[in-house]
Amino acid sequence: MRSIGEMARDSGLGVSALRFYDRAGVLVPAWVDPVSGYRWYEPGQLEEARLLARVRRAGMPLADIRLVLASWSGTDTDLVRKLLTAHLRRLELGLSDARNEFSALRALLDQRENLMASLHVATVRLTIAAPELAAALDTVRFAASTDPELPMLGGVLFDIEGENLHVVATDRYRLAVARATVDGHDGSRVQVIVPTPLADAMRALLHGGEPVRLSLDGDHVTLEAGDRQAAGRCLDHDFPDYRRLLPQTGDRRALVEVADFREALETGPVRRDETGAHDLSVLRVEKDGTVTLCADGDDGATRDPHRVAVNREFLLDALAAGARDRLVLELTAPTAPIAIRRPDDEGGFSILMPVRLED
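Residues take numbers from 1 onward in each chain, read along the sequence in its written order. Per-residue local features of the predicted model are confined to residues with pLDDT of at least 70, and side-chain atom pairs are confined, for both listing and counting, to 80 or more; whole-chain, interface and lining totals are unaffected and use all residues. In computing side-chain properties, one takes all heavy atoms of the structure into account and sets aside hydrogens as well as water.

Peer 1: When you look at the sheet that holds strand E2 (residues 31-32) in this model, what are you seeing that I'm missing?
Peer 2: The strands making up a sheet are joined through hydrogen bonds of the backbone, oriented either antiparallel or parallel. Any two strands with at least two DSSP bridges between them are considered paired. Numbering of helices and strands starts at the N terminus; helices are DSSP runs of H or I of at least 4 residues and strands are runs of E of at least 2. With antiparallel pairing, three strands are arranged side by side in an open sheet as E1-E3-E2. Two strands in the sheet have a free side with no partner beyond their single neighbour: strand E1 (2-3) and E2. Here two bridges tie E2 to strand E3 (residues 39-41), and the two strands are oriented antiparallel to one another. Considered in E3, the bridge of Val 32 is made with Arg 39.

Right, dumping it as structure tokens:
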């Protein structure tokens, strides 16, 4: 007999997927421990599970999967062949439709690029308190992308408007925003993307409490701290409109002691994502404001509107970047981002994209 963990390892189906197909009556374990509820599978079910994993990866609907598995071991394979052919045809039609839609989207992008330009920089000179800029960079640095396929995210956005400098970084799966006050700006909005290595060089200069000078000249940016400076070219890309990505205030908020919460995350229950490469923590914010870590065997996570699964490493990074003994976690729904806010600074926060669970 194989345990559910062994079956998941050998078949290519995740533990949560095996539970789902058990409840759906598609792949029912040979025996379930009446005390622990743990599932066990016969050796002969491995081939069926591997078949199920293949059609699942191909995106076949559940109703067709039932028929494929029910007909697979029979002598007449005509039904299976027809189901596979029909699903492949659906995929081809869907791909054709997607190509048409993407062509239309590219045409719209070309029009936008011809009609409007980015927020180009002429010349800007301003000053910022070194501790404020240092804290802002520390807050967002963990979220900067390292994906060479997305060079526009491989830096830190400096978004200057009025007396505020918003510093932003994102890698699509997490986004961090911080705010600092500037002097000497005329109020018009200016945006530049500072490459990550240059942002790190700037951070290395930010020691002490004296103001520093930030200069923007076209595509060139310079930070001067006393007789030292860090300078370089900005990235020649447009940063996404991060304001549209910011979450609304969650309906469940929890004030957590960061040290205790970190320990709970590091030692508490985790799940593996569908790729098997990342540990997930499943969080639930209770009505009284406490946070519970849900165990792997706790069924119904996707149906509970107050639970969300997040990449554990990303959450630990966000807690460290929050730089407070206490932080506020906000949760809205399993499919909505989780927000990590500072209780004393609404301008500095991060959001993490949720991970879908098949449970």
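Peer 1: For this particular structure, what's the right way to read the packing of aromatic side chains?
Peer 2: Each aromatic ring pair is specified by the distance between its two centres and by the angle formed by the two planes. Only centres within 6.5 Å qualify two rings of Phe, Tyr or Trp (six-membered ring in Trp) as a pair; their planes then separate them into stacked at under 30 degrees, edge-to-face at over 60, and tilted for everything else. Considering all chains together, one arrives at two aromatic pairs under this definition. Considering the side-chain rings of Phe 20 and Tyr 21, the 5.1 Å spacing of their centres and the 70° angle between planes classify their relative orientation as edge-to-face. Plain terms: the ring middles of Tyr 38 and Trp 40 are 6.0 Å apart, the flat faces sit at 65° to each other, and that makes the pair edge-to-face. In this structure, Arg 341 is placed above the aromatic ring of Phe 349, and the distance from its NZ or CZ to the ring centre is 4.9 Å. Charges are assigned to positions over rings by a cutoff of 6 Å between ring centre and Lys NZ or Arg CZ, combined with an angular limit of 35 degrees from the ring normal.

Peer 1: I would appreciate a short explanation of the pairing of strand E4 (residues 123-129) in the present structure.
Peer 2: Along any regular strand the residues' side chains alternate between the sheet's two faces. Here's how the labels work: a residue is buried when its accessible area is under 20% of the maximum for its type, exposed when over 50%, partly exposed in between, all with a 1.4 Å probe on protein chains only. Burial of E4 is one-sided: the residues Val 124, Leu 126 and Ile 128 facing one way are buried, the residues Thr 123, Arg 125, Thr 127 and Ala 129 facing the other way are not. Examined bridge by bridge, E4 and strand E9 (residues 211-217) share seven bridges and lie antiparallel to one another. From the neighbouring strand, Thr 123 faces E9, where its bridge partner is Asp 217. Looking at chain direction, E4 and strand E7 (residues 174-183) are connected through two bridges and run antiparallel. Within E7, the residue paired with Ile 128 across the bridge is Val 182.

Peer 1: Please explain empty space enclosed by the protein as it appears in this structure.
Peer 2: Empty space among the atoms can be located by rolling a probe the size of a water molecule over them. Method remark: on a 1 Å grid restricted to protein atoms, a set of points is classed as a cavity if a 1.4 Å probe fits but cannot get out and as a pocket if it is open with protein on both sides within 12 Å along at least five of seven lines; lining residues have an atom within 4 Å of a point. Grid points are joined across faces, edges and corners, and a volume is the space filled by probe spheres set on the points. Applying the stated rule across the entire model yields two cavities of 30 Å³ or more. Empty space within the largest cavity amounts to approximately 60 Å³. The wall of the largest cavity is formed by Thr 139, Ala 318, Ala 321, Gly 322, Leu 327, Ile 340, Arg 341, Arg 342, Gly 348, Phe 349 and Ser 350. Where the lining of the largest cavity is concerned, the elements lending two or more residues are helix H9 (312-322), strand E18 (338-342) and strand E19 (345-352). In terms of residue class, the lining of the largest cavity is built from five nonpolar, four polar and two charged. Basically, the charged four are Asp, Glu, Lys and Arg, the nonpolar ten are Ala, Val, Leu, Ile, Met, Phe, Trp, Tyr, Cys and Pro, and anything else, Gly included, counts as polar.

Peer 1: Which parts of the structure should I look at to understand the side chain of Ser 281?
Peer 2: Position of Ser 281 relative to the elements: it lies in strand E14 (residues 279-285). Here, residues are in contact when the closest pair of their heavy atoms is within 4.5 Å. Residues contacting Ser 281, with those up to four places away along its chain left out, are Leu 265, Pro 269, Val 270, Leu 293, Val 308, Ala 309, Val 310 and Arg 312.

Peer 1: What's the story with unusual backbone geometry in this structure? I'm lost.
Peer 2: Leaving glycine aside, a negative phi is the common case for residues, and trans is the common case for peptide bonds. Although it is not a glycine, Arg 172 sits at a positive phi angle of roughly 85°. Mapped onto the elements of the fold, Arg 172 is located in the loop between strand E6 (164-170) and E7. By relative accessible area, which is 47% here, Arg 172 ends up partly exposed. Despite not being glycine, Ala 323 shows a phi value in the positive range, around 55°. On the basis of relative accessibility, which here comes to 51%, the residue Ala 323 falls in the exposed class.

Peer 1: Honestly, the packing of helix H1 (residues 4-11) against helix H2 (residues 15-23) in this entry has me stumped. Any pointers?
Peer 2: The description of two helices packed together rests on the angle between their axes and the distance between the axes. The N-to-C vectors of H1 and H2 enclose an angle of 105°; their axes lie 9 Å apart at closest approach. Classed by the angle they form, the pair H1 and H2 counts as roughly perpendicular. Residue-level inspection shows Ile 4, Gly 5, Met 7 and Ala 8 of H1 in contact with H2, the latter providing Val 15, Leu 18 and Arg 19. Axis definition: a line fitted to C-alpha atoms, over the contacting stretch in the case of helices. Angles run 0 to 180 degrees between N-to-C directions. Orientation is classified from the angle alone, with under 35 degrees giving roughly parallel, over 145 giving roughly antiparallel, 65 to 115 giving roughly perpendicular, and any other angle giving oblique.

Peer 1: Would you explain a nonpolar patch on the surface in this entry?
Peer 2: Candidates for patches are residues over 30% relative accessible area with no salt bridge; among them, like charges are joined within 9 Å and nonpolar side chains (Val, Leu, Ile, Met, Phe, Trp, Tyr) within 5 Å. Throughout, the Shrake-Rupley method with a 1.4 Å probe supplies accessible areas, and for residues the shown protein chains are the sole cover considered. For this document, the term salt bridge refers to a Lys or Arg side-chain nitrogen within 4 Å of an Asp or Glu carboxyl oxygen. Residues Phe 102, Leu 105 and Leu 108 make up a contiguous nonpolar surface patch of roughly 300 Å² in combined accessible area. Looking at the secondary structure, you find Leu 108 in helix H5 (residues 78-115). Using a relative accessible area of 47% as the deciding quantity, one classes Leu 108 as partly exposed.

Peer 1: Looking at this structure, I do not really get the packing of helix H3 (residues 45-57) against helix H4 (residues 62-72). What am I missing?
Peer 2: One can describe the packing of H3 onto H4 by two numbers: an axis separation of 11 Å at closest approach and a directional angle of 145°. For the pair H3 and H4, the sense of crossing is right-handed. The residues of H4 that touch H3, namely those facing Glu 47, Glu 48, Leu 51, Leu 52 and Val 55, are Ile 65, Val 68, Leu 69 and Trp 72. Note: crossing handedness is left-handed where the near helix turns anticlockwise from the far helix by less than a right angle, and right-handed where it turns clockwise.

Peer 1: When you look at H9 in this model, what are you seeing that I'm missing?
Peer 2: Each α-helix turn comprises 3.6 residues. Residues three or four places apart therefore point the same way. A large share of H9 lies buried, amounting to eight of its 11 residues. If you check which residues of H9 are buried, you get Arg 312, Phe 314, Leu 315, Leu 316, Ala 318, Leu 319, Ala 321 and Gly 322. Taking the backbone nitrogen of Glu 313 as reference, a side-chain oxygen 2.9 Å away marks Asn 311 as the first, capping residue of H9. Trailing H9 by a residue or two, Ala 323 shows a phi angle of about 55°, which is positive. Definition of a polar contact: a pair of N or O atoms within 3.5 Å, with one able to donate and the other able to accept a hydrogen when the atoms are protein atoms, and with sequence-neighbouring residues admitted only if both atoms are side-chain atoms.

Peer 1: Is there a simple way to explain the pattern of salt bridges in this structure?
Peer 2: Opposite charge on two side chains allows them to pair when their charged atoms are near. A full pass over the atoms with the stated rule returns 26 salt bridges. The closest approach of N and O atoms between Asp 159 and Arg 243, which form a salt bridge, is 3.7 Å. Linking Asp 159 in strand E5 (residues 155-161) with Arg 243 in the loop between strand E11 (228-233) and strand E12 (252-257), this pair joins segments that are 84 residues apart in sequence. On the accessibility criterion, Asp 159 (1% relative accessible area) is buried. For Glu 330, the salt bridge is made with Arg 341, and the minimal N-O distance between the two is 3.0 Å.

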